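Residue strings, one per chain:
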Amino acid sequence: MGVGRASILGTAAASAALVLAAVSAVPAAAHTRDGHSPGHGQGHRDAYVALGDSYTSGPLIPEQVDANCARSNQNYPSLVAQRLRGTTLTDVSCGGATTAEMWKAQGGNPPQLDALNRRTSLVTLQIGGNDIGFGSIIRTCAGAAAADPVGNPCERYYTTGGTDQLRAAVEATAPKIDAVLRAISHRAPRARVVVVGYPALLPDSGVGCRPAVPFADGDFAYLRDTEKRLNAMLARRAKAAHAMYVDTYTPTVGHDMCTAPGVRWIEPLTPAAPAAPAHPNALGERAMAAAVLDRLCVRGRI
(Lines give C-alpha, C1' and ligand atoms only; values in the text may rest on other atoms or scores of the structure.)
Protein backbone atom coordinates (compact mmCIF):
# COMPACT_ATOMS: atom_id res chain seq x y z
CA MET A 1 0.00 0.00 0.00
CA GLY A 2 1.66 3.15 -1.08
CA VAL A 3 2.71 5.89 1.33
CA GLY A 4 4.09 9.40 1.26
CA ARG A 5 7.43 10.74 2.52
CA ALA A 6 9.22 9.00 5.32
CA SER A 7 10.62 10.63 8.38
CA ILE A 8 13.88 9.29 9.78
CA LEU A 9 12.99 6.18 11.76
CA GLY A 10 16.30 4.32 11.76
CA THR A 11 17.94 2.52 8.87
CA ALA A 12 15.47 -0.32 8.33
CA ALA A 13 12.33 1.76 8.65
CA ALA A 14 13.66 4.61 6.53
CA SER A 15 14.75 2.24 3.76
CA ALA A 16 11.35 0.59 3.83
CA ALA A 17 9.60 3.93 3.63
CA LEU A 18 11.59 4.90 0.54
CA VAL A 19 10.52 1.73 -1.25
CA LEU A 20 6.94 2.15 -0.09
CA ALA A 21 6.99 5.70 -1.42
CA ALA A 22 8.14 4.36 -4.78
CA VAL A 23 5.08 2.11 -4.84
CA SER A 24 2.99 5.30 -4.86
CA ALA A 25 4.80 6.84 -7.83
CA VAL A 26 2.68 8.53 -10.49
CA PRO A 27 1.37 5.70 -12.67
CA ALA A 28 1.30 5.31 -16.40
CA ALA A 29 -1.74 4.11 -18.27
CA ALA A 30 -2.89 0.62 -17.34
CA HIS A 31 -2.98 -2.25 -19.80
CA THR A 32 -4.32 -5.74 -19.97
CA ARG A 33 -2.10 -8.82 -19.70
CA ASP A 34 -1.79 -8.96 -23.45
CA GLY A 35 -0.99 -5.27 -23.85
CA HIS A 36 -4.38 -3.87 -24.90
CA SER A 37 -5.87 -0.82 -23.30
CA PRO A 38 -8.63 -1.58 -20.76
CA GLY A 39 -12.29 -1.16 -21.46
CA HIS A 40 -12.29 -2.10 -25.15
CA GLY A 41 -13.96 -5.01 -26.88
CA GLN A 42 -13.53 -8.34 -25.19
CA GLY A 43 -15.22 -10.36 -27.96
CA HIS A 44 -16.94 -13.50 -26.73
CA ARG A 45 -14.35 -14.19 -24.04
CA ASP A 46 -15.21 -13.78 -20.38
CA ALA A 47 -13.99 -10.41 -19.18
CA TYR A 48 -12.26 -10.21 -15.78
CA VAL A 49 -11.36 -6.80 -14.33
CA ALA A 50 -9.02 -6.51 -11.33
CA LEU A 51 -9.32 -3.36 -9.19
CA GLY A 52 -7.10 -2.60 -6.23
CA ASP A 53 -4.00 -1.23 -4.58
CA SER A 54 -0.43 -2.50 -4.35
CA TYR A 55 -1.44 -5.72 -2.57
CA THR A 56 -3.17 -6.56 -5.83
CA SER A 57 -0.60 -5.09 -8.22
CA GLY A 58 2.44 -6.89 -6.72
CA PRO A 59 5.18 -4.23 -6.50
CA LEU A 60 8.74 -5.36 -7.27
CA ILE A 61 7.67 -8.97 -7.96
CA PRO A 62 9.17 -10.08 -11.28
CA GLU A 63 8.11 -9.49 -13.96
CA GLN A 64 6.98 -5.88 -13.56
CA VAL A 65 4.80 -5.04 -16.54
CA ASP A 66 3.90 -1.51 -15.44
CA ALA A 67 6.64 -0.06 -13.26
CA ASN A 68 4.77 3.18 -12.57
CA CYS A 69 1.77 1.30 -11.19
CA ALA A 70 4.07 -1.32 -9.58
CA ARG A 71 2.20 -4.11 -11.36
CA SER A 72 3.51 -7.65 -11.82
CA ASN A 73 2.38 -10.32 -14.26
CA GLN A 74 2.68 -12.74 -11.33
CA ASN A 75 0.18 -10.96 -9.11
CA TYR A 76 -2.94 -12.81 -8.04
CA PRO A 77 -5.21 -11.46 -10.80
CA SER A 78 -2.78 -12.74 -13.44
CA LEU A 79 -2.58 -16.14 -11.75
CA VAL A 80 -6.36 -16.34 -11.41
CA ALA A 81 -6.85 -15.42 -15.07
CA GLN A 82 -4.40 -18.13 -16.13
CA ARG A 83 -6.63 -20.72 -14.47
CA LEU A 84 -9.90 -19.30 -15.83
CA ARG A 85 -9.75 -20.59 -19.38
CA GLY A 86 -11.33 -18.33 -21.96
CA THR A 87 -10.92 -15.26 -19.77
CA THR A 88 -9.38 -11.92 -20.71
CA LEU A 89 -7.87 -9.98 -17.81
CA THR A 90 -7.91 -6.20 -17.56
CA ASP A 91 -5.75 -5.41 -14.53
CA VAL A 92 -5.93 -1.76 -13.49
CA SER A 93 -4.67 -2.25 -9.93
CA CYS A 94 -2.16 0.37 -8.95
CA GLY A 95 0.21 1.00 -6.07
CA GLY A 96 -0.98 3.79 -3.79
CA ALA A 97 -4.63 3.52 -4.81
CA THR A 98 -7.39 4.39 -2.38
CA THR A 99 -11.13 4.18 -2.92
CA ALA A 100 -10.88 7.68 -4.44
CA GLU A 101 -8.88 6.29 -7.37
CA MET A 102 -11.87 4.23 -8.38
CA TRP A 103 -13.34 7.48 -9.74
CA LYS A 104 -10.34 9.72 -10.38
CA ALA A 105 -7.17 9.38 -12.42
CA GLN A 106 -3.98 8.38 -10.65
CA GLY A 107 -1.30 10.06 -12.68
CA GLY A 108 -1.67 8.60 -16.18
CA ASN A 109 -3.81 5.73 -14.90
CA PRO A 110 -7.51 6.39 -15.67
CA PRO A 111 -10.12 5.93 -12.95
CA GLN A 112 -10.16 2.23 -12.20
CA LEU A 113 -13.92 1.95 -12.57
CA ASP A 114 -13.58 3.02 -16.20
CA ALA A 115 -12.32 -0.49 -16.99
CA LEU A 116 -15.80 -1.90 -16.31
CA ASN A 117 -18.63 -2.31 -18.76
CA ARG A 118 -21.73 -4.42 -19.25
CA ARG A 119 -19.63 -7.25 -20.74
CA THR A 120 -17.55 -7.59 -17.56
CA SER A 121 -18.21 -11.02 -16.05
CA LEU A 122 -15.88 -11.02 -13.02
CA VAL A 123 -14.51 -8.24 -10.81
CA THR A 124 -12.06 -8.56 -7.94
CA LEU A 125 -11.65 -5.62 -5.57
CA GLN A 126 -8.94 -5.27 -2.92
CA ILE A 127 -8.96 -1.77 -1.48
CA GLY A 128 -9.14 0.06 1.85
CA GLY A 129 -5.64 -0.33 3.28
CA ASN A 130 -4.49 3.03 1.99
CA ASP A 131 -7.76 4.62 3.09
CA ILE A 132 -6.95 3.81 6.71
CA GLY A 133 -3.31 4.83 6.21
CA PHE A 134 -1.30 1.61 6.44
CA GLY A 135 1.85 3.37 5.23
CA SER A 136 1.68 6.12 7.81
CA ILE A 137 0.84 3.56 10.49
CA ILE A 138 4.04 1.65 9.66
CA ARG A 139 6.13 4.82 9.88
CA THR A 140 4.49 6.00 13.09
CA CYS A 141 4.77 2.66 14.87
CA ALA A 142 8.35 2.02 13.80
CA GLY A 143 9.34 5.50 14.96
CA ALA A 144 7.58 5.15 18.31
CA ALA A 145 9.27 1.81 18.98
CA ALA A 146 12.71 3.42 18.98
CA ALA A 147 11.90 5.20 22.25
CA ASP A 148 9.86 2.41 23.89
CA PRO A 149 10.73 -0.97 22.31
CA VAL A 150 9.06 -3.19 24.92
CA GLY A 151 5.91 -1.15 25.53
CA ASN A 152 2.95 -0.22 23.33
CA PRO A 153 3.74 3.35 22.27
CA CYS A 154 1.93 3.06 18.95
CA GLU A 155 -1.30 1.91 20.56
CA ARG A 156 -1.03 4.71 23.12
CA TYR A 157 -0.51 7.23 20.32
CA TYR A 158 -3.54 6.10 18.34
CA THR A 159 -5.81 5.86 21.40
CA THR A 160 -4.88 9.17 23.03
CA GLY A 161 -7.98 10.83 24.42
CA GLY A 162 -9.93 7.58 24.66
CA THR A 163 -10.73 7.22 20.95
CA ASP A 164 -9.05 4.57 18.83
CA GLN A 165 -8.16 6.52 15.69
CA LEU A 166 -7.49 3.37 13.67
CA ARG A 167 -10.84 1.85 14.60
CA ALA A 168 -12.45 5.13 13.58
CA ALA A 169 -10.53 5.08 10.27
CA VAL A 170 -11.84 1.59 9.51
CA GLU A 171 -15.39 2.68 10.29
CA ALA A 172 -15.01 5.77 8.13
CA THR A 173 -13.83 3.61 5.21
CA ALA A 174 -16.92 1.39 5.27
CA PRO A 175 -19.22 3.81 3.39
CA LYS A 176 -16.48 4.34 0.81
CA ILE A 177 -16.40 0.58 0.17
CA ASP A 178 -20.20 0.61 -0.14
CA ALA A 179 -19.99 3.35 -2.76
CA VAL A 180 -17.39 1.43 -4.78
CA LEU A 181 -19.49 -1.72 -4.71
CA ARG A 182 -22.59 0.21 -5.85
CA ALA A 183 -20.61 1.70 -8.71
CA ILE A 184 -19.33 -1.73 -9.75
CA SER A 185 -22.86 -3.11 -9.75
CA HIS A 186 -24.08 -0.19 -11.84
CA ARG A 187 -21.30 -0.40 -14.42
CA ALA A 188 -21.00 -4.19 -14.57
CA PRO A 189 -24.46 -5.49 -13.62
CA ARG A 190 -23.79 -9.05 -14.83
CA ALA A 191 -20.46 -9.50 -13.09
CA ARG A 192 -19.60 -11.71 -10.16
CA VAL A 193 -18.01 -9.33 -7.65
CA VAL A 194 -15.33 -10.60 -5.28
CA VAL A 195 -14.01 -8.47 -2.42
CA VAL A 196 -10.53 -9.68 -1.46
CA GLY A 197 -9.29 -9.21 2.11
CA TYR A 198 -5.72 -8.58 3.22
CA PRO A 199 -3.31 -11.39 4.18
CA ALA A 200 -1.77 -11.87 7.62
CA LEU A 201 0.97 -9.27 7.89
CA LEU A 202 1.97 -9.98 11.49
CA PRO A 203 1.94 -13.08 13.69
CA ASP A 204 -1.60 -14.11 14.57
CA SER A 205 -0.29 -14.88 18.07
CA GLY A 206 0.44 -11.20 18.62
CA VAL A 207 4.05 -12.02 19.58
CA GLY A 208 6.52 -9.72 17.87
CA CYS A 209 9.85 -10.27 16.20
CA ARG A 210 11.81 -7.11 16.87
CA PRO A 211 14.24 -6.09 15.37
CA ALA A 212 13.31 -7.91 12.14
CA VAL A 213 10.02 -6.01 12.25
CA PRO A 214 10.81 -2.85 14.23
CA PHE A 215 7.57 -2.39 16.15
CA ALA A 216 7.41 -2.31 19.92
CA ASP A 217 6.65 -5.66 21.54
CA GLY A 218 3.32 -4.49 22.91
CA ASP A 219 2.09 -3.09 19.59
CA PHE A 220 2.05 -6.29 17.54
CA ALA A 221 -1.29 -7.45 18.94
CA TYR A 222 -2.84 -4.01 18.47
CA LEU A 223 -1.75 -3.82 14.83
CA ARG A 224 -2.88 -7.40 14.21
CA ASP A 225 -6.30 -6.52 15.60
CA THR A 226 -6.48 -3.42 13.43
CA GLU A 227 -5.93 -5.49 10.31
CA LYS A 228 -8.52 -8.02 11.44
CA ARG A 229 -10.96 -5.17 12.01
CA LEU A 230 -10.35 -3.92 8.47
CA ASN A 231 -10.93 -7.38 7.02
CA ALA A 232 -14.09 -7.88 9.07
CA MET A 233 -15.43 -4.58 7.77
CA LEU A 234 -14.68 -5.60 4.18
CA ALA A 235 -16.47 -8.91 4.72
CA ARG A 236 -19.55 -7.15 6.11
CA ARG A 237 -19.67 -4.65 3.24
CA ALA A 238 -19.33 -7.46 0.70
CA LYS A 239 -22.20 -9.36 2.29
CA ALA A 240 -24.39 -6.26 2.38
CA ALA A 241 -23.75 -5.73 -1.35
CA HIS A 242 -24.42 -9.42 -2.16
CA ALA A 243 -20.81 -9.80 -3.28
CA MET A 244 -18.41 -12.62 -2.45
CA TYR A 245 -15.71 -12.11 0.16
CA VAL A 246 -12.35 -13.90 0.01
CA ASP A 247 -10.54 -14.42 3.30
CA THR A 248 -6.83 -14.26 2.53
CA TYR A 249 -5.90 -13.79 6.20
CA THR A 250 -6.63 -17.31 7.46
CA PRO A 251 -4.69 -19.20 4.75
CA THR A 252 -1.64 -16.96 5.24
CA VAL A 253 -1.38 -17.31 9.03
CA GLY A 254 2.08 -18.67 9.82
CA HIS A 255 3.57 -17.03 6.75
CA ASP A 256 3.68 -13.45 8.03
CA MET A 257 6.64 -11.08 7.85
CA CYS A 258 8.08 -12.44 11.11
CA THR A 259 8.68 -15.90 9.65
CA ALA A 260 11.86 -17.08 7.93
CA PRO A 261 12.71 -16.48 4.27
CA GLY A 262 11.18 -19.19 2.16
CA VAL A 263 8.41 -19.66 4.73
CA ARG A 264 7.06 -16.13 4.73
CA TRP A 265 4.65 -14.88 2.13
CA ILE A 266 4.80 -11.28 3.38
CA GLU A 267 8.17 -9.54 3.28
CA PRO A 268 9.34 -7.52 6.32
CA LEU A 269 10.48 -3.89 6.17
CA THR A 270 13.81 -5.06 4.75
CA PRO A 271 12.71 -7.62 2.14
CA ALA A 272 14.82 -10.68 1.34
CA ALA A 273 12.74 -11.64 -1.72
CA PRO A 274 11.59 -9.37 -4.55
CA ALA A 275 8.64 -7.49 -3.07
CA ALA A 276 7.87 -4.15 -1.47
CA PRO A 277 8.27 -3.87 2.33
CA ALA A 278 5.25 -5.20 4.26
CA HIS A 279 3.78 -6.60 1.03
CA PRO A 280 3.21 -10.08 -0.37
CA ASN A 281 6.04 -11.72 -2.27
CA ALA A 282 5.40 -14.08 -5.18
CA LEU A 283 4.38 -16.85 -2.78
CA GLY A 284 1.93 -14.49 -1.10
CA GLU A 285 0.35 -13.52 -4.41
CA ARG A 286 0.06 -17.22 -5.23
CA ALA A 287 -1.65 -17.85 -1.90
CA MET A 288 -4.13 -15.06 -2.54
CA ALA A 289 -4.81 -16.43 -6.02
CA ALA A 290 -5.52 -19.85 -4.52
CA ALA A 291 -7.97 -18.29 -2.05
CA VAL A 292 -9.80 -16.46 -4.83
CA LEU A 293 -9.98 -19.56 -7.01
CA ASP A 294 -11.23 -21.63 -4.09
CA ARG A 295 -14.01 -19.08 -3.48
CA LEU A 296 -14.89 -19.31 -7.16
CA CYS A 297 -14.91 -23.11 -6.83
CA VAL A 298 -12.04 -23.54 -9.28
CA ARG A 299 -9.91 -26.46 -8.11
CA GLY A 300 -6.38 -27.58 -8.88
CA ARG A 301 -2.82 -26.38 -8.45
CA ILE A 302 -1.71 -22.90 -9.46
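Keep in mind that what you see is a predicted model, and the values were worked out from it rather than measured. (Residues numbered from 1 in each chain as written. Predicted model: local features only at pLDDT ≥ 70, side-chain atom pairs only at ≥ 80, totals over all residues. Heavy atoms only, no water.)

Details of the environment of Val263
And then number 1: By the element assignment, Val263 lies in the loop between β7 (244-246) and α9 (282-295).
And then number 2: C-alpha of Val263 to C-alpha of Leu283: the two residues are 20 residues apart in sequence and 9.0 Å apart in space.
And then number 3: What Val263 contacts, discounting residues up to four positions off in sequence, is Gly254 and His255. (Helix = DSSP H or I, 4+ residues; strand = E, 2+ residues; numbered from the N terminus. Contact = heavy atoms within 4.5 Å.)

A closer look at the confidence of the model for the chain
And then number 1: Scored by pLDDT, the chain comes out at a mean of 89, with 85% of its residues at no less than 70.
And then number 2: Below pLDDT 50 for its whole length, residues 3-15 participates in 20 contacts with residues either more than four positions away or in separate chains.
And then number 3: Predicted confidence is poor over residues 24-43, with pLDDT under 50, and the contacts of this stretch with residues over four places away or in other chains come to 59 contacts. (pLDDT = per-residue confidence, 0-100.)

Focus: the environment of Arg229
And then number 1: Checked against the element boundaries, Arg229 lands in helix α8 (residues 220-240).
And then number 2: Sequence spacing of Arg229 and Glu171 is 58 residues, and the spatial spacing of their C-alpha atoms is 9.2 Å.
And then number 3: Residues contacting Arg229, with those up to four places away along its chain left out, are Asp164, Arg167 and Val170.

Considerations on unusual backbone geometry
And then number 1: For the bond from Pro62 to Glu63, the omega torsion is 0°, close enough to zero to count as cis.
And then number 2: Of note in the backbone geometry, Cys297 takes a positive phi value of approximately 65° without being a glycine.
And then number 3: Summarising the element assignment, Cys297 is placed in the segment after α9.
And then number 4: When its relative accessible area of 57% is taken as the criterion, Cys297 is described as exposed. (Buried < 20%, exposed > 50% of the residue type's maximum accessible area, 1.4 Å probe, protein only.)

Overview of the pairing of strand β1 (residues 46-52)
And then number 1: Of all 7 residues in β1, 6 are buried, a share of seventy percent or more.
And then number 2: For β1 and strand β4 (residues 87-91), the ladder comprises 5 bridges, and the chain directions are parallel. Bridge pairing in β4 places Ala50 opposite Asp91.
And then number 3: Judged from the 6 bridges that link them, β1 and strand β5 (residues 120-126) form a sheet pairing that is parallel. Bridge pairing in β5 links Val49 to Val123. (Pairing = 2+ DSSP bridges.)

Quick look at the pairing of strand β6 (residues 192-196)
And then number 1: Counting buried positions along β6 gives 4 out of 5 residues, so the element sits mostly inside the fold.
And then number 2: Note: β5 against β6, 4 bridges, orientation parallel. Bridge pairing links Val123 to Val193 in β6.
And then number 3: Here β6 runs beside β7; their pairing, made up of 3 bridges, is parallel. Pairing of Val195 across the sheet is with Tyr245, part of β7.
And then number 4: Each parallel crossover has a hand, and the one from β6 via α8 to β7 is right-handed. (Right-handed = clockwise from strand over helix to strand, strands pointing away.)

Focus on the packing of aromatic side chains
And then number 1: Applying the stated criterion to the full structure yields 4 aromatic pairs.
And then number 2: Taking 6.3 Å as the distance between ring centres and 40° as the angle between the ring planes, the aromatic pair formed by Phe134 and Tyr198 counts as tilted. Linking Phe134 in helix α5 (residues 134-145) with Tyr198 in the loop between β6 and α8, this pair joins segments that are 64 residues apart in sequence.
And then number 3: The exposure class of Tyr198 is buried, given its relative accessible area of 0%.
And then number 4: Ring geometry for Phe215 versus Phe220: centroids 5.8 Å apart, planes at 55°, classification tilted.
And then number 5: Judged by its relative accessible area of 4%, Phe215 is buried.
And then number 6: Taken together, the aromatic side chains of Tyr55, Phe134 and Tyr198 make up a single cluster linked through ring pairs. (Phe/Tyr/Trp six-rings, centres within 6.5 Å; stacked < 30°, edge-to-face > 60°.)

Section: helix α3 (residues 76-83)
And then number 1: In terms of burial, α3 is largely enclosed, as 6 of its 8 residues are buried.
And then number 2: Listing the buried residues of α3 in full gives Tyr76, Pro77, Ser78, Leu79, Val80 and Ala81.

Focus: α9
And then number 1: Helix length check: α9 (14 residues) gives 20 Å between terminal C-alpha atoms against 20 Å at 1.5 Å per residue, within 8%.
And then number 2: For α9, every residue scored as buried is listed here: Gly284, Glu285, Ala287, Met288, Ala289, Ala291, Val292 and Leu293.
And then number 3: Check the buried side of α9 and you find it contacts α2 (54-57), α3, β5, β6 and β7.
And then number 4: The N-terminus of α9 is capped by Asn281, whose side-chain oxygen sits 3.0 Å from the backbone nitrogen of Leu283.
And then number 5: Within two residues after α9, Cys297 carries a phi angle of roughly 65°, on the positive side. (Expected span 1.5 Å × (residues − 1). Polar contact = N/O pair within 3.5 Å; in protein donor to acceptor, adjacent residues only side chain to side chain.)

Considering the state of the cysteines
What we call a disulfide is simply a covalent bond connecting the sulfur atoms of a pair of cysteines.
And then number 1: Per the counting criterion, the structure on display carries 3 disulfides.
And then number 2: Disulfide pairing is shown between Cys69 and Cys94; the S-S distance is 1.9 Å. Classification of the bridge connecting Cys69 and Cys94 rests on its S-S torsion, roughly -95°, and on that basis the disulfide is left-handed. Linking Cys69 in the loop between β2 (64-66) and β3 (71-72) with Cys94 in the loop between β4 and β5, this pair joins segments that are 25 residues apart in sequence. (Disulfide = S-S within 2.5 Å.)

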